[in-house]
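# Summary of the model geometry
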Amino acid sequence: MNLPTALRAFRSRNFRLFFAGQTVSLIGTWMQQVALAWLVFLLTRSPWMLGLVGFAGQIPTFILAPVAGVLVDRTNRHRLVIVTQTLAMVQAFIVAALD
């Protein structure tokens, strides 16, 4: 396989699997964010509430990022990816069931 330098990582089967999994996961996350914003706007018709929900969704990242960075460096990354992706899937199913 003769790939350009920028695509050389795709020679690795593990990277291709990771890339495909992340693609599916990110598309699902984006769909969930758009659906949540759409639902909030349909229920409230308030741009202010829409902005508040978007802001509130970023608060955990803002608060936990410094601590999480230290903890992530000390854990098994493979297990961490499995756990976080599973939790994200469970959360998406809960949100879907509430709709």
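Just above, that's the structure.
Residues numbered from 1 in each chain as written. Predicted model: local features only at pLDDT ≥ 70, side-chain atom pairs only at ≥ 80, totals over all residues. Heavy atoms only, no water.

## Details of the overall build of the chain
Just so we agree on the cut-off: Secondary structure elements follow DSSP: runs of H or I of four or more residues count as helices, runs of E of two or more count as strands, with numbering from the N terminus. Only C-alpha atoms enter the radius of gyration, while the globule expectation follows 2.2 Å times N to the 0.38, with N the number of residues. The cut-offs for exposure are 20% and 50% of the maximum accessible area for each residue type, with area from a 1.4 Å probe on protein chains only; residues under the lower value are buried, those over the upper are exposed, and the others partly exposed.
Each helix and strand counted, the chain has 4 helices and 0 strands in total. In the chain, the order of α-helices and β-strands from amino to carboxyl end is α-α-α-α. Taking 2.2 N^0.38 as the reference for a compact globule, 99 residues should give roughly 13 Å; the C-alpha atoms of the chain span a radius of gyration of 18 Å, well beyond that estimate. In terms of its C-alpha atoms, the chain occupies a principal-axis envelope of roughly 55 × 30 × 25 Å. Residues classed as buried in the chain amount to 3% of the 99 residues present.

## Brief notes about unusual backbone geometry
The residue R45 is not glycine, and still its phi comes out positive at about 55°. Examined against the element boundaries, R45 turns out to sit in the loop between helix 1 (13-44) and helix 2 (47-56).

## What about the environment of R16?
Rule in force here: Any two residues having at least one pair of non-hydrogen atoms within 4.5 Å are treated as being in contact.
Residue position: R16 is located in helix 1. Every residue in contact with R16, bar those within four places of it in the chain, is listed here: F10 and R11.

Without other data, these values stay purely geometric and don't point to any function.
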